[in-house]
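# Summary of the model geometry
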Amino acid sequence: MPKIPLSELAGAIDARLEGDPAFEVSGIAPLERAGPDDLSFLANPRYEAAALASAAGALVVGRDFPADGRNILRCENPYLGFARAVAMLSPDPPVLAGVHPTAIVDPSASVPPSAAVGPLTVVGSGVELGEEVVIGAGSHLEDGVRVGARTRLFQRVTVHRGTTLGERCVVQSGCVLGSDGFGYATDVDGAHHRVPQRGGLRIGNDVDIGANVTIDRGSAGDTVIGDGCKIDNLVHIAHNVRIGRNAMIVAQVGIAGSTVIGDRAILGGQAGIIGHARIGDRARIGAQAGVIGDVPAGMEVSGYPARAHRDQMRAHALFARLPELFQRLKRLEDRLP
Amino acid sequence: MPKIPLSELAGAIDARLEGDPAFEVSGIAPLERAGPDDLSFLANPRYEAAALASAAGALVVGRDFPADGRNILRCENPYLGFARAVAMLSPDPPVLAGVHPTAIVDPSASVPPSAAVGPLTVVGSGVELGEEVVIGAGSHLEDGVRVGARTRLFQRVTVHRGTTLGERCVVQSGCVLGSDGFGYATDVDGAHHRVPQRGGLRIGNDVDIGANVTIDRGSAGDTVIGDGCKIDNLVHIAHNVRIGRNAMIVAQVGIAGSTVIGDRAILGGQAGIIGHARIGDRARIGAQAGVIGDVPAGMEVSGYPARAHRDQMRAHALFARLPELFQRLKRLEDRLP
Amino acid sequence: MPKIPLSELAGAIDARLEGDPAFEVSGIAPLERAGPDDLSFLANPRYEAAALASAAGALVVGRDFPADGRNILRCENPYLGFARAVAMLSPDPPVLAGVHPTAIVDPSASVPPSAAVGPLTVVGSGVELGEEVVIGAGSHLEDGVRVGARTRLFQRVTVHRGTTLGERCVVQSGCVLGSDGFGYATDVDGAHHRVPQRGGLRIGNDVDIGANVTIDRGSAGDTVIGDGCKIDNLVHIAHNVRIGRNAMIVAQVGIAGSTVIGDRAILGGQAGIIGHARIGDRARIGAQAGVIGDVPAGMEVSGYPARAHRDQMRAHALFARLPELFQRLKRLEDRLP
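Bear in mind that the values here come from a model prediction, so they are computed numbers and not experimental data. (Residues numbered from 1 in each chain as written. Chains lettered and ligands numbered in written order. Predicted model: local features only at pLDDT ≥ 70, side-chain atom pairs only at ≥ 80, totals over all residues.)

### A look at the overall build of chain A
- Summing up its helical and strand segments, chain A has five helices and 39 strands in all.
- Whereas a compact globule of 337 residues would reach a radius of gyration of roughly 20 Å, chain A reaches 25 Å, over 25% beyond that.
- Expressed along its principal axes, the backbone C-alpha trace of chain A runs to roughly 85 × 60 × 30 Å.
- Burial status across chain A gives 55% buried among its 337 residues. (Helix = DSSP H or I, 4+ residues; strand = E, 2+ residues; numbered from the N terminus. Rg over C-alpha atoms; globule rule 2.2 N^0.38 Å. Buried ≥ 20, exposed ≤ 12 C-beta atoms within 10 Å, placed from the backbone.)

Right under this line is the structure:
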């Protein structure tokens with residue numbers, strides 16, 4: 001790792017330096033394990049004691065952390081400041097531009113010299129890769145796929161035809177983008193006939209997609225993932241779903257077909273959203289919640305079926321007291337024979 | 001897309017034409033986005049207003065849609081009619097038969113000239129592919145696997161030894177078929193010892209399997225997926241499960257070991273079924289339901305632990321009123337001191 | 001399959017033989033399907049009738065099974081005895097050592113002659129493989145990955161840099177080990193900025209990992225999976241999680257970031273564990289449970305939010321009686337107007 005003086009880090013992450021400007025850090029570590037050459041951070045006040053006890057050489061902290069004589073980089077948003085510092089102290093390993101000799105690239109594909117196409121990949125006809133795109137080993141891009149500048153696909157990603165990816169996205173290993181949605185018409189004998197899925201998948205800029213995620217193409221129109229969305233591992237997004245900007249979708253969430261998710265919505269891990277629902281901007285869906293209808297903008301819901309989180313928690317507390325409730329009811333009944 | 005006159009479409013999808021037999025459609029689109037060259041459809045009466053307002057050049061509709069002067073293809077089952085029309089208007093892209101030079105095919109494998117074996121695939125010894133089988137790029141078929149005619153594996157599918165696939169199946173990208181089941185014998189020290197999984201996996205005809213699905217081989221006998229089953233993305237099916245014909249299994253469902261699922265059962269998204277259970281024919285398991293025992297044929301269940309859906313919904317409505325209930329009880333108690 | 005006399009099997013699996021020492025078995029089968037050459041077993045007394053009715057040539061049974069004149073191998077732990085017998089009767093197919101000519105192995109990687117590196121694999125610089133390691137077709141090991149002796153990766157496994165695997169592990173097809181965790185710092189405009197994930201992933205000895213599992217690297221420290229853990233298909237384990245020894249994690253479980261799981265804990269299928277929680281040794285988390293806090297050692301919890309399983313089941317039974325409860329309450333109120 002490079003050694004970077006605090007004065008330089010402070011400028012780069014927009015922090016106020018309290019301490020020795022020439023002090024150099026060369027690593028990053030959590031509070032408990034940081035040593036005198038490491039940078040660590042405190043974003044959650046709950047861990048303030050751990051921060052005060054930490055051996056870290058320097059800390060990124062928020063406005064309220066007590067000045068205790070050590071090297072401090074004070075930020076409005078210490079977690080964001082730390083994120084930027086990590087990117088400087090520990091940059092992504094460099095990727096060599098060029099097409100690996102084992103890559104199978106259709107001659108009609110457009111691959112700029114700054115792009116890196118990894119070994120054992122398949123790049124179909126008419127594919128367009130932007131500047132500095134990285135296609136990880138074992139990935140497959142079907143005909144006509146478009147990938148925006150500086151987007152990186154990790155290993156073993158499948159991108160089906162009709163899919164467009166924006167700029168600066170990251171798609172982790174094992175993802176399937178643009179798979180056929182689950183659409184069947186059932187006949188009188190109970191046999192299910194495929195409804196050919198002919199829509200596309202449009203993924204905006206700065207979208208991150210975790211490992212082994214599946215996102216279906218639209219059935220006739222497109223499935224749409226808005227700019228800045230972050231999607232965790234093993235999430236399933238069905239056909240025709242439309243997601244706004246900067247939504248966060250935690251691991252193993254499932255979103256059924258044609259549902260619309262608003263900007264900055266947060267979907268907790270393993271939550272499930274019914275099809276054809278509208279989830280408003282900044283709605284918060286609790287982990288494991290089962291959403292069976294619309295959720296207004298800004299609302300926090302949880303449980304199954306999902307309701308306002310506060311009401312749900314209150315009812316859950318009383319649910320635990322059901323045995324007591326039945327006893328009290330019985331006592332009353334006994335007194336009114 | 002080809003242009004097809006309505007007279008031809010009507011005959012092919014078994015519809016009654018009301019309108020201009022020579023009118024040609026060349027595309028498909030949802031009601032709101034369809035233009036004058038597009039075919040659209042109305043299957044759910046809830047969207048009748050959208051259908052009446054649609055600019056679609058022709059509509060596939062059911063028996064009750066009002067004749068409003070436009071071009072109509074009237075069907076008993078309009079969604080099925082539309083599915084067939086889409087297949088005509090927008091056929092699957094053609095696949096070139098033959099073995100890609102980068103495919104690694106064991107000389108003892110049986111690959112008819114009509115089959116297509118994609119790049120960077122591995123086809124083991126004794127594998128038997130039927131006519132017009134398609135093996136997608138990056139897929140791996142272990143020794144002895146059999147694949148029925150016209151079945152298509154998309155990219156990066158793993159098929160372990162002991163697996164047989166029927167005809168006309170579709171297996172989407174990232175699936176793992178015939179993985180080792182989760183079987184361990186625990187010793188007195190708490191160490192878990194593998195029980196070698198030696199059964200197979202038999203998949204019937206016309207089975208569709210979504211992206212990144214995992215289906216385990218049997219432990220000693222076989223895991224069985226019946227004809228016509230449709231399985232959505234990220235589903236897990238454990239060892240020794242047996243599923244009847246035409247079941248529908250929505251995304252992220254998990255079915256534990258040795259459970260038996262009846263014909264035409266429907267399992268909603270994220271539902272979980274305990275091991276060794278019997279789910280009857282045409283049973284309906286709600287999304288996210290947690291089934292901890294048998295479900296009789298035809299029954300609809302939901303919730304955790306899963307119970308009759310109607311009862312469950314009634315109890316859930318009262319669950320929300322628990323705060324009121326406790327208050328009312330308290331009031332009664334106060335009056336009977 | 002080899003034919004093995006019962007006397008030899010009995011010695012190998014530490015069983016007491018009751019019957020003909022020279023009798024040979026050559027196959028394994030479940031009780032209902034076993035024939036006269038097959039070995040079967042009875043571990044759960046519920047199936048004793050099926051065992052007595054079975055046509056199996058020999059049975060592995062526990063101490064209480066009645067001697068009924070047939071060939072019996074009696075063990076303290078019959079399931080474990082059967083597991084060992086299966087491994088003898090039906091050994092794993094042999095793997096040919098050596099590097100496949102289509103494998104792309106960096107010259108600086110350390111690959112002993114006893115290791116098998118499959119076709120279409122990528123092995124990065126500085127990778128170290130132990131004796132008899134198997135790298136399945138289409139797998140990708142990034143720079144510096146270390147894999148302990150006799151560990152087997154199935155097909156299409158991605159192992160990211162910073163990952164270490166112990167000895168005798170099995171990693172099934174489609175797994176992603178060491179993916180980037182879900183860590184973002186959100187700015188005032190709602191944009192989420194990646195926190196570069198720089199920790200590693202340490203996997204102990206004798207760990208089994210099912211198909212399409214994702215395990216994230218740590219953010220700064222390591223994610224740790226203890227010796228002997230068994231992980232089923234489609235499980236998600238987030239960054240910085242630490243799991244003790246011999247834990248069992250059933251299919252589709254999700255464990256959020258920084259949670260600590262104790263030795264021999266059991267997590268039922270589809271359970272979800274919140275981040276930063278502590279799950280004690282031998283805790284038992286029910287299938288689909290939603291754990292939103294710590295769970296003490298040895299405790300069994302279920303439901304959402306997870307509580308003591310016994311209490312939860314009692315409350316669930318009363319939940320089903322809520323309609324009756326409201327009626328009884330109404331009756332009391334009517335009598336006290």
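### Description of the packing of helix α1 (residues 6-13) of chain B against helix α3 (residues 78-89) of chain B
All names here are of chain B.
- The contact between α1 and α3 brings their axes to 9 Å, and the two run at 125°. Comparing the axis directions of α1 and α3 gives the class oblique. Read as a crossing pair, α1 and α3 show a hand that is right-handed. In this structure, α1 contributes Leu9, Ala12 and Ile13 to the contact, and α3 contributes Gly81, Arg84, Ala85 and Met88.
- Of the residues belonging to the contact of α1 with α3, the class tally is five nonpolar, one polar and one charged. (Axes fitted to C-alpha atoms, helices over the stretch in contact; angles between N-to-C directions. Parallel < 35°, antiparallel > 145°, perpendicular 65-115°, else oblique. Left-handed = near helix turned anticlockwise from the far one by under 90°. Contact = placed C-beta atoms within 7 Å. Nonpolar A, V, L, I, M, F, W, Y, C, P; charged D, E, K, R; others polar.)

### Focus: helix α3 (residues 78-89) of chain A
- Between its first and last C-alpha, α3(A) extends 16 Å over 12 residues, near the 16 Å set by a 1.5 Å rise per residue.
- The buried fraction of α3(A) is high, at nine of 12 residues. (Expected span 1.5 Å × (residues − 1).)

### Observations concerning the sheet that holds strand β15 (residues 146-147) of chain A
All names here are of chain A.
- Taking strand neighbours across the sheet as the criterion, the eight strands line up as β12-β15-β18-β23-β26-β29-β32-β35 in an open arrangement whose pairing is parallel. Here the strands that pair on one side only, and so sit at the sheet edges, are β12 (128-129) and β35 (278-279).
- Alignment of strand β29 (residues 242-243) against strand β32 (residues 260-261), held across two bridges, turns out to be parallel. Within the sheet, the bridge partner assigned to arginine 242 lies in β32 and is valine 260. (Pairing = 2+ DSSP bridges.)

### Digging into the interface of chain B and chain A
- With 51 residues of chain B at the interface, the matching set in chain A holds 48 residues.
- Elements represented by at least two residues in the side of chain B that touches chain A include exactly α3, α4 (309-319) and α5 (322-335) of chain B.
- Counting residues per element, the side of chain B that touches chain A draws most heavily on α5(B), at six residues.
- Counted by class, the side of chain B that touches chain A contains 25 nonpolar, 19 polar and seven charged residues.

### Details of the sheet that holds strand β17 (residues 158-159) of chain B
All names here are of chain B.
- If you trace the 10 strands from one edge of the open sheet to the other, you get β9-β11-β14-β17-β20-β25-β28-β31-β34-β37, paired in parallel fashion. Where the open sheet ends on each side, the last strands, each with one partner, are β9 (104-105) and β37 (290-291).
- Pairing of strand β25 (residues 214-216) with strand β28 (residues 236-237) involves two bridges; the strand directions are parallel. Paired with threonine 214 across the bridge in β28 is histidine 236.

### Things to note about the relation of the copies chain B and chain C
- After a rotation of 120° and a shift along the axis of 0.0 Å, chain B superposes on chain C with an RMSD of 0.0 Å. Such a combination of rotation and displacement between the chain copies is what one expects of a three-fold axis. (Least-squares fit on C-alpha atoms with pLDDT ≥ 70 in both.)

### Topic: the interface of chain B and chain C
- Of the residues lining the interface, 48 residues belong to chain B; the matching set on chain C comes to 52 residues.
- Going through the elements one at a time, β20 (176-179), β21 (184-186), β22 (192-194), α4 and α5 of chain B are the ones with two or more residues in the side of chain B that touches chain C.
- Along the lines of polarity and charge, the residues of the side of chain B that touches chain C split into 23 nonpolar, 15 polar and 10 charged.

### Observations concerning the pairing of strand β5 (residues 38-41) of chain A
All names here are of chain A.
- Residues Asp38 and Ser40 of β5 are buried on one face, and the alternating residues Leu39 and Phe41, pointing to the opposite face, are buried as well.
- With two bridges joining them, strand β4 (residues 27-28) and β5 adopt parallel strand pairing. Considered in β5, the bridge of isoleucine 28 is made with leucine 39.
- As paired strands, β5 and strand β6 (residues 58-61) are joined by three bridges and run parallel to one another. Bridging from a neighbouring strand, serine 40 pairs with leucine 59 of β6.
- Following the chain from β5 across helix α2 (residues 48-53) to the adjacent parallel β6, one finds a crossover that is right-handed. (Right-handed = clockwise from strand over helix to strand, strands pointing away.)

### Side note on the pairing of β6(A)
Residues and elements named next belong to chain A.
- Where burial is concerned, the two faces of β6 agree: the one with Ala58 and Val60 and the one with Leu59 and Val61 are both buried.
- Examined bridge by bridge, β6 and strand β7 (residues 71-74) share four bridges and lie parallel to one another. By the bridge assignment, alanine 58 is partnered in β7 with asparagine 71.

### Describing the relation of the copies chain B and chain A
- Take chain B, turn it by 120°, move it 0.0 Å along the axis, and it overlays chain A with an RMSD of 0.0 Å.
- Of the interface residues in chain B, just 18% have counterparts in chain A that sit at the interface too, so the contact is made through distinct surfaces.

### Some remarks on the environment of A:Ala220
- Looking at the element boundaries, A:Ala220 is found in the loop between β25 (214-216) and β26 (223-225).
- Considered as a pair, A:Ala220 and A:Ala247 are 27 residues apart in the sequence and their alpha carbons are 24 Å apart.
- Every residue in contact with A:Ala220, bar those within four places of it in the chain, is listed here: A:Arg198, A:Gly199, B:Ile28, B:Ala29 and B:Pro30.

### What to know about the domain arrangement of chain A
- Under the domain assignment, chain A is made up of domain 1 (4-89) and domain 2 (160-311).
- Each of domain 1 of chain A and domain 2 of chain A has a C-alpha centre, and these two points are 37 Å apart. (Domains from an automatic or database assignment.)

### Overview of the confidence of the model for chain A
- Put simply, chain A has an average pLDDT of 96, and 99% of its residues get 70 or more.
- Both scores are given for the predicted complex: the pTM is 0.97, the ipTM 0.96. (pLDDT = per-residue confidence, 0-100.)

### Focus on unusual backbone geometry
Residues and elements named next belong to chain A.
- Here the residue pair tyrosine 304 and proline 305 is connected by a cis peptide bond, since its omega of -15° sits within 30 degrees of zero.
- Structurally, proline 305 can be placed in the loop between β38 (300-302) and β39 (307-308).
- You will see that arginine 282, though not glycine, has its phi angle at about 60°, which is positive.
- Structurally, arginine 282 is set in the loop between β35 and β36 (284-285).

### Thoughts on the nonpolar core
- Formed by 206 residues in total, the largest nonpolar core has its most connected members in A:Ile285, B:Ile285 and C:Ile285.
- When neighbours within four sequence positions are excluded, C:Ile285 is seen to be in contact with C:Ile266, C:Leu267, C:Gly268, C:Ala271, C:Ile279, C:Val291, C:Val295, C:Val301 and C:Ala306. (Core = buried A, V, L, I, M, F, W, Y, C linked by C-beta atoms within 7 Å.)

### Here we look at the environment of B:Gly178
Residue and element names in this part refer to chain B.
- Position of glycine 178 among the secondary structure elements: in strand β20.
- As a C-alpha pair, glycine 178 and threonine 223 span 45 residues in sequence and 8.5 Å in three-dimensional space.
- The contact partners of glycine 178, leaving out residues within four places of it in the chain, are Val159, His160, Gly162, Thr163, Leu201, Ile215 and Arg217.

### Things to note about the environment of A:Asp14
Residues and elements named next belong to chain A.
- Structurally, the position occupied by aspartate 14 is in the loop between α1 (6-13) and β2 (16-18).
- Residue classification places aspartate 14 among the partly exposed positions, given that 13 C-beta atoms sit within 10 Å.
- Taking the C-alpha atoms as reference, aspartate 14 lies 34 Å from proline 113; in sequence the two are 99 residues apart.
- If we ignore the near neighbours within four places in the chain, the residues touching aspartate 14 are Cys75 and Gly81.

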